[in-house]
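# Observations on the three-dimensional arrangement
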Amino acid sequence: MSNDRPIGVFDSGIGGLTVAAAIQRLLPSESLIYFGDTAHLPYGDKSKELIAEYAVNITRFLLEEKKCKAIVIACNTASAAAYEALRDTYKGSVPVINVIDPMIEEVIADADIKKIGIIATKTTVSSGVYQEKFARRKPELEFSALATPLLASMIEEGFYNNTISEAILNEYLSNPVLENIDGLVLACTHYPLIKKEIDAFFHGRVKIFDSAEVVARKLKGILEKESLLCTSSVSKNEFFVSDYTRAFEAATKIFFKKEIHLELCRL
Ligand code: DGL
């Protein structure tokens with residue numbers, strides 16, 4: 001099994017590009033295959049069963065057709081809905097990394113955080129996965145979660161750093177459940193695109209946790225441990241979408257600083 005095989009990364013749309021770009025910065029010689037499931041976007045208001053079905057199909061494509069050596073579920077909603085099933089299916093063959101566990105580790109290691117808030121899609125919040133993992137690992141940590149269902153679609157449509165995103169964020173972030181938090185987890189991979197606006201809302205008083213770098217570091221550790229780091233210095237990235245959208249093309253340019261060819265792939 002060659003270590004020069006690519007790493008498969010997927011999300012419902014552009015959100016996972018925040019993770020893919022962080023992987024690329026940390027592991028520049030690795031090749032990536034990115035799959036944006038734009039035909040089924042947003043994942044955040046769909047049932048766990050349906051999201052799990054999408055995640056299984058994408059993973060099969062990345063492993064069977066694209067021969068990936070590791071899978072990064074660059075989406076909180078899909079991590080909440082499908083991680084355990086994917087991990088168990090591929091145990092012993094390829095590592096499957098989710099975006100939730102590395103973030104839990106990051107937050108619990110921070111002694112200054114006494115009350116943590118998360119903002120996420122409806123499906124992630126209702127799965128209770130963050131709450132359950134924090135409670136198990138650090139029971140004294142206070143926890144609150146807020147579903148912010150408009151944000152992923154707003155970002156996907158290119159509405160960020162403008163008056164519309166500011167008004168929507170003000171409405172969500174003034175919710176009393178987020179009162180007195182010391183830290184806020186951006187528990188949706190789309191949200192790093194509005195991190196500055198969120199930070200500005202809290203006037204820098206709340207530590208904002210975004211998973212992109214954390215997940216990239218976790219992946220590097222796993223590839224090292226499993227002796228899977230690539231040996232060639234020529235990396236090649238490929239981008240697939242299940243439906244072509246202009247937002248996706250624009251976002252790939254922002255993250256990868258060059259024109260990216262998008263391939264349409266209906267699964
Ligand atoms: N980026 C995804 C996440 O991390 C979901 C956005 C969506 O499709 O609703 O949860």
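Residues numbered from 1 in each chain as written. Predicted model: local features only at pLDDT ≥ 70, side-chain atom pairs only at ≥ 80, totals over all residues. Heavy atoms only, no water.

According to the stated counting rule, one finds 0 disulfides in the structure shown. Between Cys 188, a cysteine without a disulfide, and Cys 75, which holds the nearest cysteine sulfur, the sulfur-to-sulfur distance is 6.7 Å. Counting only cysteine sulfurs, Cys 68 is the nearest neighbor of Cys 230, a cysteine outside any disulfide, at a range of 13 Å. (Disulfide = S-S within 2.5 Å.)

Let us now look at the sheet that holds strand S10 (residues 262–264). Pairing within the open sheet is parallel, and its 6 strands lie in the order S4-S3-S1-S2-S9-S10. Each end of this open sheet is capped by a strand with a single partner; those strands are strand S4 (96–98) and S10. If you compare each strand with its neighbour and ignore which way they point, the axes differ by 20 degrees on average. One ladder, built from 3 bridges, connects strand S9 (residues 238–241) with S10; its direction is parallel. Bridging across to S10, Phe 240 finds its partner in Glu 263. Across the sheet, helix H1 (residues 16–26) is in contact with strand S1 (7–11), strand S2 (32–36), strand S3 (70–73) and S9; its angle to S2 comes to roughly 175 degrees. Its contacts with the sheet put helix H2 (residues 48–65) on S1, S2, S3 and S9, and the angle it makes with S1 is roughly 155 degrees. (Pairing = 2+ DSSP bridges. Helix = DSSP H or I, 4+ residues; strand = E, 2+ residues; numbered from the N terminus. Axes fitted to C-alpha atoms, helices over the stretch in contact; angles between N-to-C directions. Contact = heavy atoms within 4.5 Å.)

We now examine the pattern of salt bridges. Inspection of the entire model under this criterion finds 13 salt bridges. Of the charged contacts in the structure, one is a salt bridge between Arg 217 and Glu 106, with a shortest N-O distance of 3.5 Å. Taken together, the residues span a long stretch of sequence, with Arg 217 in helix H10 (residues 211–225) and Glu 106 in helix H4 (residues 101–108) at a distance of 111 residues. For Glu 106, a relative accessible area of 31% puts it in the partly exposed group. Among the ionic pairs, Asp 243 bridges to Arg 266, the shortest N-O distance being 3.3 Å. Here Asp 243 is found in the loop between S9 and helix H11 (246–256), whereas its partner Arg 266 is found in the segment after S10, with 23 residues between them in sequence. A relative accessible area of 32% means that Asp 243 is categorised as partly exposed. (Salt bridge = Lys/Arg side-chain N within 4 Å of Asp/Glu carboxyl O. Buried < 20%, exposed > 50% of the residue type's maximum accessible area, 1.4 Å probe, protein only.)

Counting 71 residues, the largest nonpolar core has Ile 119, Tyr 130, Leu 184 and Ile 198 as the members making the most contacts within it. Aside from chain neighbours lying at most four places away, what touches Leu 184 is Ile 116, Gly 117, Ile 118, Ile 119, Leu 173, Leu 178, Ile 198, Phe 202, Val 206, Lys 207, Ile 208 and Phe 209. (Core = buried A, V, L, I, M, F, W, Y, C linked by side-chain atoms within 4.5 Å.)

Buried within helix H6 (residues 129–137) are the following residues: Val 129, Tyr 130, Lys 133 and Phe 134. Along H6, the residues classed as buried sweep out an arc of 125 degrees about the axis, all on the same side. In this structure, the buried side of H6 is in contact with helix H3 (76–90), H4, strand S5 (115–120), helix H5 (122–127), strand S6 (142–147) and strand S7 (183–186). (Arc of directions from axis to C-beta.)

Here we take up the packing of H1 against H11. At their nearest, the axes of H1 and H11 sit 10 Å apart, and the two run at 25 degrees to each other. With respect to their mutual orientation, H1 and H11 come out roughly parallel. At the point where H1 passes H11, the crossing takes the right-handed sense. Seen from H1, the contacting residues are Leu 17, Thr 18, Ala 20, Ala 21 and Gln 24; seen from H11, they are Phe 248, Ala 251, Thr 252, Phe 255 and Phe 256. Its residues assigned to classes, the contact of H1 with H11 comprises 7 nonpolar, 3 polar and no charged. (Parallel < 35°, antiparallel > 145°, perpendicular 65-115°, else oblique. Left-handed = near helix turned anticlockwise from the far one by under 90°. Nonpolar A, V, L, I, M, F, W, Y, C, P; charged D, E, K, R; others polar.)

On to the packing of aromatic side chains. Going through the model one piece at a time under the given rule, you end up with 9 aromatic pairs. Arranged with centres 6.2 Å apart and planes meeting at 40 degrees, the rings of Tyr 34 and Phe 239 form a pair that is tilted. Placement of the pair is Tyr 34 in strand S2 and Phe 239 in strand S9, with a sequence separation of 205 residues. Comparing Tyr 34 with Phe 239 shows no difference in burial state: the two are buried. An aromatic cluster is built from Tyr 34, Phe 239, Phe 248 and Phe 256, whose rings are joined through pairwise contacts. (Phe/Tyr/Trp six-rings, centres within 6.5 Å; stacked < 30°, edge-to-face > 60°.)

Take the site of the ligand next. Not every one of the 14 residues close to the ligand is listed here, only the nearest: Ser 12, Tyr 43, Asn 76, Thr 77 and His 190. With respect to the ligand, the side chain of Asp 11 contributes an N or O atom lying 3.0 Å from a nitrogen atom. Contact between the ligand and Thr 189: an oxygen atom at 2.8 Å from a main-chain N or O atom of the residue. Burial of the ligand by the protein chains amounts to 99% of its free accessible area of 300 Å². (Near = heavy atom within 4 Å. Polar contact = N/O pair within 3.5 Å; in protein donor to acceptor, adjacent residues only side chain to side chain. Areas by Shrake-Rupley, 256 points an atom, 1.4 Å probe, with all protein chains shown as cover.)

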